[in-house]
Amino acid sequence: MPVYPLKFVQRERCFDDTEHEYSLIYTFFSSETALKYVVRAEYFSIDAFAVKFYAKKDKRSPKKYSRIINRGDALSILRTVGYLLQELLTYYSTVSFALVGTRSIDLRSNKVEGYSNNQRYRIYRELIQRHFGYQTFTHFEYPEISSY
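Just so you know, the residues in each chain are numbered from 1, in the order the chain's sequence is written. The predicted nature of this model means local features are confined to residues of pLDDT at least 70 and side-chain atom pairs, given and counted, to a pLDDT of 80 or more, with totals for whole chains, interfaces and linings taken over all residues. Heavy atoms throughout the structure, all of them, feed into the side-chain values; hydrogens and water do not.

K.L.:
What exactly am I supposed to notice about the packing of aromatic side chains here?
P.N.:
One pair of aromatic rings is described through two measures. These are the centre distance and the angle between the planes. The aromatic pairing rule takes the rings of Phe, Tyr and Trp, using the six-membered ring of Trp, and pairs them if the centres are within 6.5 Å, calling planes under 30 degrees apart stacked, those over 60 edge-to-face and the rest tilted. Scanning the entire structure with this criterion turns up eleven aromatic pairs. Between Tyr43 and Phe49, the ring centres sit 5.2 Å apart and the planes meet at 65°, which makes this aromatic pair edge-to-face. Members of the aromatic cluster, each reached through a chain of ring pairs, are Tyr22, Tyr43, Phe49, Tyr92, Phe97 and Phe137. Charge over a ring is defined by NZ of Lys or CZ of Arg lying within 6 Å of the ring centre and within 35 degrees of the ring normal. Just above the ring of Tyr22 sits the side chain of Arg11; from NZ or CZ to the centre is 3.6 Å. Just above the ring of Tyr54 sits the side chain of Lys64; from NZ or CZ to the centre is 5.3 Å.

Structure (structure tokens):
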């Protein structure tokens, strides 16, 4: 299971009235799915990043974070996003991370998953606990909203 090379694309300022200050945008290519992925690390003034990713082909879809690709390679894609978290820690040593397991929408079977304790959340929780442990971070889980 490879970790794909990440390419930094840009730092994008946020001009709304929220705590969101800017986003760091990266891309990578999965040779297994033959798709390019976009990773957004959104920095908030509370010294935290919310990390999101999606297949670039879905960039215009309002459901881009929920789409199921079903082409395999999920573990390598998640490992690549996890590698970015480790890289961000080298530059932002005090930062926290937030991940939300968006509910899955499978257009082929016309199934929509619920918001609470969904599959993506359970996968993210397992991978974070296994690969980041408890020495670097204190972990907070919110299964009722699928957030970690």
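Having seen the structure, we can now continue with the description.
K.L.:
Where do I start with unusual backbone geometry in this structure?
P.N.:
Phi is positive for Ala34, which is not a glycine, with a value near 60°. When you line up the elements, Ala34 lands in the loop between β2 (20–30) and β3 (35–44). The backbone of Ser146 shows a phi angle near 55°, a positive value even though the residue is not glycine. Each helix is a run of H or I in the DSSP string that is no shorter than four residues. Each strand is a run of E no shorter than two, and both are numbered from the N terminus. Within the secondary structure, Ser146 is located in the segment after α2 (119–132). Exposed residues in this analysis have more than 50% of their type's maximum accessible area, buried residues have under 20%, and partly exposed residues fall in between, with area computed by a 1.4 Å probe over protein chains only. Residue class for Ser146 comes out buried when judged on its relative accessible area of 1%.

K.L.:
Please explain the pairing of strand β1 (residues 7–13) as it appears in this structure.
P.N.:
Looking along a regular strand, one sees the side chains alternate between the two faces of the sheet. Where β1 meets β2, six bridges bridge the pair, whose relative direction is antiparallel. Counted as the bridge partner of Gln10 is Ile25 from β2. Strands qualify as paired when DSSP identifies two bridges or more between them. What sits between the antiparallel neighbours β1 and β2 is a turn of six residues.

K.L.:
Before we go on, may I ask you to explain the layout of surface pockets in this structure?
P.N.:
Think of a ball as big as a water molecule: rolled over the atoms, this probe shows where empty space is left. Grid points spaced at 1 Å and placed over the protein atoms alone form the basis of the search, with a cavity being a set where a 1.4 Å probe fits but cannot get out and a pocket an open set showing protein on both sides within 12 Å along at least five of seven lines. Lining residues have an atom within 4 Å of a point. Grid points are joined across faces, edges and corners, and a volume is the space filled by probe spheres set on the points. Of the pockets and cavities examined, the largest pocket occupies roughly 1,100 Å³. In this structure, the largest pocket is lined by 41 residues; those nearest its centre are Phe53, Ala74, Ile77, Leu78 and Tyr124. The biggest single contributor to the lining of the largest pocket is helix α1 (residues 74–91), with ten residues. Throughout this entry, Asp, Glu, Lys and Arg are counted as charged residues, while Ala, Val, Leu, Ile, Met, Phe, Trp, Tyr, Cys and Pro are counted as nonpolar. The remaining residues, Gly among them, count as polar. For the lining of the largest pocket, the per-class residue count stands at 25 nonpolar, nine polar and seven charged. For the second largest pocket, the calculated volume is near 380 Å³. As for the second largest pocket, its lining consists of 19 residues, and the residues nearest its centre are Ser96, Phe97, Ala98, Thr138 and Tyr148. Elements represented by at least two residues in the lining of the second largest pocket include exactly β4 (48–55), β5 (96–98) and α2.

K.L.:
Just checking my understanding: could you explain the sheet that holds β5 for this structure?
P.N.:
To summarise the sheet geometry, strands pair through backbone hydrogen bonds and adopt either a parallel or an antiparallel arrangement. Across the sheet, which stays open at both edges, the five strands sit in the order β1-β2-β3-β4-β5 with mixed pairing between neighbours. If you trace the sheet from one side to the other, it starts and ends with β1 and β5, each paired once. Neighbour-to-neighbour, the strand axes of the sheet open up by a mean angle of 25°, direction not taken into account. In this structure, β2 lies alongside β3, joined through ten bridges in antiparallel fashion. Bridge pairing in β3 links Ser30 to Leu35. Axis angles are defined between N-to-C directions and span 0 to 180 degrees, where every axis is a line fitted to C-alpha atoms and, for a helix, only to the segment in contact.

K.L.:
Can you help me understand the environment of Ile128 in this one?
P.N.:
Residue position: Ile128 is located in helix α2. Since its relative accessible area comes to 10%, Ile128 is described here as buried.

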